[in-house]
Amino acid sequence: MVSLGKFLKKRNSVQIFAAFLTNIHLPNFLKGVLYNGKVKRLCVPGLNCYSCPAATGACPIGSFQAVVGSSKFNFSYYVTGILIFFGVMFGRFICGFLCPFGWFQDLLHKLPTRKFSTKRLKGLTYIKYGILLTAVVALPILLTNKAGIASPYFCKYICPQGILEGGIPLSIVNGGIRATLGALFTWKLGILVTVIILAVFFYRPFCKWICPLGAFYALFNRFSLLSYHVDQHKCISCGKCSRTCRMDVDITKNSAHTECIRCGECVEVCPTKAISVRWGFEKTAEAKKTTNCEKS
Amino acid sequence: MGFAKKCPIRTKYAVQLILILTSVVFVCVGAYRGEAETVFSKAIRLCLECVGIG
């Protein structure tokens, strides 16, 4: 089992590096073309549009819709398998450290303005599960044309990342694309601008309320190899961790909370170092302690 | 449910192993069915819906 306490302190550097690795073909922004190498068969862990000229791999949410929305398949074992693997390895650590759109919102939130709490808006966190089930899974399977092909409904009507990484940069360098922009572009640009404004005042509104990828990874926080632990013997219940958490999580009550993006801020502020982060299987000393659990 | 409550670490370990195994099987099945090629063909072309063209 590996301790990751020091790693968490370099979060911003990790986010920059992850965003760069996810979009490694930067010169393509100037050329206005997409990378089309073999690596694009693989999905990246974060929300990153494959129509971004610099994109290294495929967006998992876009890929899932592309497969289930095709005439050949009704379910994507391939993309679901990749997502389960990422989920069980890292859980929502991916949101906190590896997702380029999460990093983008973090940068926006650093702008020096008044900040607002989302603690009273916890009910909105369930919206993203509805979006995952309807726009990503159900509609591309059920709402098809006569040829059996469906639109990627989430990408088409909701996702602001395609506009940010693809639509805007491509329309700047490509007059042909610029000439075809219409009502859909305006709608999606409106969503992007709304998310940007909200992200300045609220911490990660898209991750909290909208993102279907975050919703999927949230289901794995309980079982992921990367886990948080609170030593109840060290914890003095000062409440610093829950007051610091911008995802509105009280880690002392539930260390595997679905909204925890594993940013590590609670680890840093804990005065007694009661919170630790580990990666790996827990079938070590703790399991040996409970070895008689079947008998009890 | 009783076992899961009594032995949370062992249950978590078992679920982790099952999930890893499931993910590997799913990826292999998906690749065998040709899903990776569908992903590839979508990812290398400009997704008109994604960028807001329609």
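Residues numbered from 1 in each chain as written. Chains lettered and ligands numbered in written order. Predicted model: local features only at pLDDT ≥ 70, side-chain atom pairs only at ≥ 80, totals over all residues. Heavy atoms only, no water.

Colleague: Sorry if this is basic, but what is going on with the side chain of Thr118 of chain A here?
Modeller: Residue and element names in this part refer to chain A. Here Thr118 is to be found in the loop between helix H7 (100-109) and helix H8 (127-142). Judged by its relative accessible area of 3%, Thr118 is buried. There is a polar contact of 2.6 Å between the side chain of Thr118 and the side chain of Asp248. Each residue touching Thr118, except ones within four places of it in the same chain, is listed here: Phe202, Lys208, Trp209, Arg246 and Asp248. (Helix = DSSP H or I, 4+ residues; strand = E, 2+ residues; numbered from the N terminus. Buried < 20%, exposed > 50% of the residue type's maximum accessible area, 1.4 Å probe, protein only. Polar contact = N/O pair within 3.5 Å; in protein donor to acceptor, adjacent residues only side chain to side chain. Contact = heavy atoms within 4.5 Å.)

Colleague: Would you mind going over the side chain of His109 of chain A with me for this structure?
Modeller: Here His109 of chain A shows up in helix H7. Sequence-distant contacts of His109 of chain A, defined by excluding residues within four places in its chain, comprise Lys115, Ala199, Val200, Phe201, Phe202, Tyr203 and Arg246 of chain A.

Colleague: Any chance you could explain the packing of aromatic side chains here in plain terms?
Modeller: For any pair of aromatic rings, geometry is given as the distance between the ring centres together with the angle between the planes. Residues and elements named next belong to chain A. Tallying each qualifying case throughout the model produces 16 aromatic pairs over all chains. Centroid distance Phe101 to Phe104: 5.7 Å. Interplanar angle 35°. Geometry classified as tilted. In this pair, Phe101 and Phe104 both sit in helix H7, three residues apart, roughly one turn of the helix. Between Phe101 and Phe206 the ring centres are 5.0 Å apart and the planes differ by 80°, which places this aromatic pair in the edge-to-face class. Of this pair, Phe101 sits in helix H7 while Phe206 sits in helix H13 (residues 205-210), placing them 105 residues apart in sequence. The burial state of Phe101 is the same as that of Phe206; both residues are buried. For Arg11, the ring lying beneath its charged end belongs to Phe97, and the centroid distance is 5.8 Å. Looking at Arg246, its charged tip hangs above the ring of Tyr203, at a distance of 4.2 Å from the centre. (Phe/Tyr/Trp six-rings, centres within 6.5 Å; stacked < 30°, edge-to-face > 60°. Lys NZ or Arg CZ within 6 Å of the ring centre and 35° of its normal.)

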